[in-house]
Amino acid sequence: MSAVAPAGSAPSTARAAEGRSAVATVRQQAAGPLKWTALGDSYSAGALIPKWDARDGCGRSNHNWEQQLAQRLNTETSDWVRLKDVTCGAAEINKGVLSPQTCDMLLGPPFNRGTCAWPARPAQIDALNGDEDIVTVGIGGNTLGFADVLAKCLEMGVEPGDPPSPGPGLQRLLRERRRQAVAG
């Protein structure tokens, strides 16, 4: 792709013009809107970032990165992107993306932890119909227990300072994990 920028324009202006030119070129070559399906967990869903969708228990934000990018592309080139966003908070690889997400995994908002206030969600992969131009997947933190690791770090604490440092309990845990990783 090439772009023409006014003489004397700043490099960032030239890059921005090049980006807009690339978007316009791709859009002109497309037969119709770009069909994008987003799959993923709370990190992708932007869970609990207002304003969220309270209809299905996923906590999906209308300000997650997928929504923001689609809106920006549609602003630059009207109705270019058709986004189907099926991301969902608490989704895991197996329970959420590859198979249904059970009702006890749908936490809100509104917050109804473990109450099955919403019906189980179908497997996100079932949202694909083969007509997509782009599929993005952001998943894995829940499967690997990221929330438990974070909670343990907070429980073990940090020592105040500039910058703060891990407290003694957390330092012991980190040394042990490092030892296990090297030995394993």
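Data block above holds the structure.
A quick note: this is a predicted structure, and the numbers were derived from the prediction, not measured.

Trainee: Is there a simple way to think about the overall build of the protein in this case?
Mentor: Across its full length, the protein holds five helices and five strands. When the elements of the protein are put in sequence order from the N terminus, they spell out α-β-α-α-β-β-α-β-β-α. Here the protein, with 184 residues, has 28% of them falling under the buried criterion. Accessible surface for the protein amounts to roughly 11,700 Å². Of this, 57% is attributable to carbon and sulfur atoms.

Trainee: What is the right way to look at the state of the cysteines in this model?
Mentor: What makes a disulfide is a covalent bond joining the sulfur atoms belonging to two cysteines. The final tally for this structure, using the stated rule, is two disulfides. The disulfide partner of Cys 58 is Cys 88, and the S-S distance across this bridge is 2.0 Å. Taking the sign of the S-S torsion, -90° for the link of Cys 58 and Cys 88, the bridge is left-handed. Of this pair, Cys 58 sits in the loop between helix 2 (42–45) and helix 3 (65–76) while Cys 88 is found in the loop between strand 2 (81–85) and strand 3 (134–138), placing the two residues 30 residues apart along the sequence. Each member of the pair, Cys 58 as well as Cys 88, is classed as buried. At a sulfur-sulfur separation of 1.9 Å, the disulfide partner of Cys 103 is Cys 116. Taking the torsion about the sulfur-sulfur bond, which here is approximately 60°, the covalent link between Cys 103 and Cys 116 counts as right-handed.

Trainee: Teacher, can you tell me more about the sheet that holds strand 2 here?
Mentor: Hydrogen bonding along the main chain pairs the strands of a sheet, whether they run parallel or antiparallel. Sheet architecture is open: three strands sit in the order 2-1-3, paired in parallel fashion. Two strands in the sheet have a free side with no partner beyond their single neighbour: strand 2 and strand 3. The average angle at which neighbouring strand axes cross in this sheet is 20°, direction not considered. Pairing analysis gives five bridges linking strand 1 (residues 34–40) to strand 3, with the strands arranged parallel. The residue of strand 3 that forms the bridge with Gly 40 is Gly 138. Together, strand 1, strand 2 and strand 3 form the strand contacts of helix 3, whose direction differs from that of strand 2 by roughly 165°.

Trainee: It is not clear to me how the pairing of strand 1 should be interpreted in this structure. Could you clarify?
Mentor: When a strand is regular, its side chains alternate between the sheet's two faces. Counting buried positions along strand 1 yields six of seven residues, so the element is predominantly enclosed. Bridging between strand 1 and strand 2 involves five bridges; their strand directions are parallel. Bridging from a neighbouring strand, Trp 36 pairs with Leu 83 of strand 2.

Trainee: I'm lost on the layout of surface pockets in this one. Help?
Mentor: One way to see where empty space is left: roll a probe the size of a water molecule over the atoms. Here the largest pocket defines a volume of roughly 730 Å³. As for the largest pocket, its lining consists of 26 residues, of which Ser 42, Ala 90, Leu 107, Asn 142 and Ala 147 are closest to the centre. Considering each element in turn, the lining of the largest pocket owes the most residues, four residues, to helix 4 (residues 146–156). Looking at the lining of the largest pocket, its residues break down into eleven nonpolar, nine polar and six charged.

Trainee: Help me understand the pattern of salt bridges, please; the structure alone is not making it clear to me.
Mentor: If the charged atoms of two oppositely charged side chains come close together, the side chains can form a pair. One pass over the structure, following the stated rule, counts seven salt bridges. Here Arg 121 ties to Asp 56 by a salt bridge, and the two come within 3.8 Å at their closest N and O atoms. Taken together, the residues span a long stretch of sequence, with Arg 121 in the loop between strand 2 and strand 3 and Asp 56 in the loop between helix 2 and helix 3 at a distance of 65 residues. By sharing partners, the salt bridges in this structure join Asp 53, Arg 55, Asp 56, Arg 60, Asp 85 and Arg 121 into a single network.

Basis of the calculations
Residues numbered from 1 in each chain as written. Predicted model: local features only at pLDDT ≥ 70, side-chain atom pairs only at ≥ 80, totals over all residues. Heavy atoms only, no water. Helix = DSSP H or I, 4+ residues; strand = E, 2+ residues; numbered from the N terminus. Buried < 20%, exposed > 50% of the residue type's maximum accessible area, 1.4 Å probe, protein only. Areas by Shrake-Rupley, 256 points an atom, 1.4 Å probe, with all protein chains shown as cover. Disulfide = S-S within 2.5 Å. Pairing = 2+ DSSP bridges. Axes fitted to C-alpha atoms, helices over the stretch in contact; angles between N-to-C directions. Contact = heavy atoms within 4.5 Å. 1 Å grid on protein atoms, 1.4 Å probe; cavity = no way out; pocket = protein on both sides within 12 Å on 5 of 7 lines; lining within 4 Å. Points joined across faces, edges and corners; volume = space filled by probe spheres on them. Nonpolar A, V, L, I, M, F, W, Y, C, P; charged D, E, K, R; others polar. Salt bridge = Lys/Arg side-chain N within 4 Å of Asp/Glu carboxyl O.

Keep in mind these values describe shape, not function.
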